[in-house]
Amino acid sequence: MEVEKQRGKGHKLVLMPSPFQGHITPLLQLANILYSKGFSITIVHTVFNSPDPSSYPHFTFHPLHGALSETEASKVDAVHLTDIINIKCVQPLKKFLATLLSSQDDDDSVPVSCFIADAALYFTQSVCDEFGIPRLVLRTGGASSFLVFASFPLLREKGYFPVQESRLEEAVVDLPPLKVKDLPVFQSKEPEAFYKLVCRFIDECKKSSGIIWNTYEELESSALTKLRQDFSVPMYPIGPFHKYSLPGSTSTSLLTPDQSCITWLDKQEHKSVVYVSFGSIVAISEAEFLEIAWGLANSNQPFLWAIRPGTIRGSEWLEPLPSEFLENLGGRGYIVKWAPQEQVLKHPAVGAFWTHNGWNSTLESVCEGVPMICMPSFGDQKINAKYASDVWKVGVQLENKLERGEIEKIIRKVMLGDEAKEIRENVMNLKEKANLCLKEGGSSYCFLDSLVSEILSLKSSTSKAH
Ligand code: UDP
């Protein structure tokens, strides 16, 4: 075991996250997994949403100063921001790598084996090429949604894009079981920007030395098989990252989780609570917020609701909530700004997760065996929700208008109805597979082993280039 642990010893990996919560978390988890194999870890990152180095004293952190200010970042949507990063980080990253590689000339310094970048940071491919450093990609989303992203040009050619209201119920023939309404969209001032970003990062993934996935073979085997046919680079599905029990795994949260909700959960009955969270980016209108609040109140189930400040458009936090809303529920509802989500999903009192189906939330729910109420908003979320409801059958989609009566009905369906038992069995089955894949001989265990071998065999030509 000790020898196994040391395989990466004497090799440095440089990793770069995309600066969003749902991307930073899996990248740091991957870094920890590779650290446990003996690799030295350096994290390069934007100053905006920078990870907290004090949580990772075993890593070296390097901020790319001058790449992007907090003010610039706060003014734009996630697609535009990613575009800016792909332009503005080029020079600072080159400068950093040049310095790093020149220090490699010291006899006792550790050589860089490869660069691992979030898939959205497509600019890193040409920078790595220039420095002769092999580049691996981390895709923080699922393989099934990536397959849809990889089909964007085909979807456009066949007239599915731009998505037309009149065709929403039509099946997408090339991508069963998706319907047009499940295709990824991103509300942006420039609708074309999302399409271009996706095509660009897919192209650069194809030039990489391999793609690392926070998923597991048993969950997404059909998408992974198709991707292996279509892409000539190796695929490493080594997830679920958060289930590796490793020393040094600390919180990757950008916001401080409110632990008081665990004490509240301790007082609730077994599998009675609906946990509600729409992740770190999704925003809702005041009208939607009030329907959710009343739907939860009228459902008679206890609920824990994580509402990030800024979630409700036009409000700082909970201003639209009628005064005494929570008091009138007699302790049946609990609201926090940010929850310790993994701990919440693990808690025996939680019976369902009302989620926006970001990939991390979807995977975390599956891994804890928690049935989902799916309310996707943008990007890959609709595809994740479709897989959760129609393929894995571990949840139900809120498809009709977001209205309090509908909400009450769906909560009952997932918690108490005839379907509830079947959904629970399906999700428990996937939970078990997630546990098994990480054990010795399991799929993710074996893929991690090949990933380590691949990294050790990658030929870095850095000494020649610089
Ligand atoms: N999360 C959390 N507390 C909350 C809400 C979210 O810790 O109150 C975490 C959650 O566990 C997940 C991440 O934030 O790891 C959200 O990522 P996801 O991909 O689900 O959605 P995104 O925020 O990227 O839309």
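Please read these numbers as outputs of a predicted model, since none were measured by experiment. Numbering of residues starts from 1 in every chain and runs along the sequence as written. Local features in this predicted model are restricted to residues whose pLDDT is 70 or higher, and side-chain atom pairs enter the listing and the counts only when it is 80 or higher, whereas totals over whole chains, interfaces and linings include all residues. Derived side-chain values reflect all non-hydrogen atoms in the structure, with water molecules and hydrogen atoms excluded from consideration.

**Quick notes on the packing of helix α14 (residues 359-367) against helix α17 (residues 418-437)**
Packed helix pairs are specified by the crossing angle of their axes together with the interaxial distance, meaning the distance between the axes. Only the stretch in contact is used when fitting a helix axis, every axis being a line fitted to C-alpha atoms; angles between N-to-C directions are given from 0 to 180 degrees. Where helices and strands are cited, they refer to DSSP runs of H or I of at least four residues and of E of at least two residues respectively, numbered from the N terminus. Interaxial distance between α14 and α17 falls to 7 Å at its minimum, and their mutual angle equals 95°. Relative to α17, the element α14 is oriented roughly perpendicular. Seen from α14, the contacting residues are Ser365, Val366 and Cys367; seen from α17, they are Val427, Leu430, Lys431 and Ala434. Residues are grouped as follows: nonpolar covers Ala, Val, Leu, Ile, Met, Phe, Trp, Tyr, Cys and Pro; charged covers Asp, Glu, Lys and Arg; every other residue, Gly included, is treated as polar. Considering only residue class, the contact of α14 with α17 consists of five nonpolar, one polar and one charged. Should an angle fall under 35 degrees it is called roughly parallel, over 145 degrees roughly antiparallel, and 65 to 115 degrees roughly perpendicular, with every other angle called oblique. Contacts between residues were defined by any pair of non-hydrogen atoms, one from each residue, lying within 4.5 Å.

**So, the site of the ligand**
Taken together, 16 residues form the shell around the ligand, and within it Ser280, Ala339, Asn360, Ser361 and Glu364 come nearest. In the model, an oxygen atom of the ligand is placed 2.4 Å from a nitrogen or oxygen of the serine 280 side chain. Within 3.5 Å is the distance limit for a polar contact, defined as a pair of N or O atoms, with the added protein rule that one can donate a hydrogen and the other accept it, and that residues adjacent in sequence qualify only through two side-chain atoms. Tryptophan 338 is positioned such that a nitrogen or oxygen atom in its side chain is 3.5 Å from a nitrogen atom of the ligand. Note on areas: Shrake-Rupley with a 1.4 Å probe; residue coverage comes only from the protein chains shown. Isolated, the ligand exposes 540 Å² of accessible area, and the fraction of that covered by the protein chains is 92%. Secondary structure elements with two or more residues in the shell around the ligand: α2 (21-35), β8 (273-277) and α14. The biggest single contributor to the shell around the ligand is α14, with four residues. Throughout, the term near means that a residue has one or more heavy atoms lying within 4 Å of the molecule or strand in question.

**Some words on the sheet that holds strand β7 (residues 235-237)**
DSSP-based pairing: two strands are paired if at least 2 bridges between them are found. Across the sheet, which stays open at both edges, the seven strands sit in the order β3-β2-β1-β4-β5-β6-β7 with parallel pairing between neighbours. Looking at which strands have only one partner, the edges of the open sheet turn out to be β3 (60-63) and β7. For this sheet the average axis-to-axis angle between neighbouring strands, irrespective of direction, equals 20°. The pairing of strand β4 (residues 112-118) with strand β5 (residues 135-139) spans four bridges and is parallel. Residue pairing for β5: aspartate 118 is matched across the bridge by leucine 138.

**Things to note about the nonpolar core**
Leu34, Phe115, Ile116, Ile292, Trp305 and Trp354 are the most contacted members of the largest nonpolar core, which totals 145 residues. For this core, the leading source of residues is helix α9 (residues 191-206), giving nine residues. As used here, the term nonpolar core means buried Ala, Val, Leu, Ile, Met, Phe, Trp, Tyr and Cys residues forming a set that is joined through side-chain atoms within 4.5 Å. Buried, partly exposed and exposed residues are distinguished by accessible area as a fraction of the type maximum, computed with a 1.4 Å probe on protein chains only: under 20%, between the cut-offs, and over 50%, respectively.

**Some thoughts on the sheet that holds strand β11 (residues 350-355)**
Taken in spatial order, the six strands line up as β10-β9-β8-β11-β12-β13 in an open sheet, and their pairing is parallel. Both outer strands of the open sheet, β10 (333-336) and β13 (395-397), are each paired with one neighbouring strand and no more. Adjacent strand axes in the sheet meet at a mean angle of 15° when their direction is disregarded. Relative to β10, strand β9 (residues 303-306) runs parallel, the two sharing four bridges. Residue pairing for β10: leucine 304 is matched across the bridge by tyrosine 334.

**Considering the UniProt feature "coiled-coil region" (unreviewed entry) in the protein chain**
UniProt positions are given in the numbering used here, feature names are shortened, and annotations may be inferred rather than shown by experiment. Per the UniProt record, "coiled-coil region" (unreviewed entry) is found at residues 413-440. Across residues 413-440, helical content stands at 82% and strand content at 0%; the span's end C-alpha atoms are separated by 38 Å.

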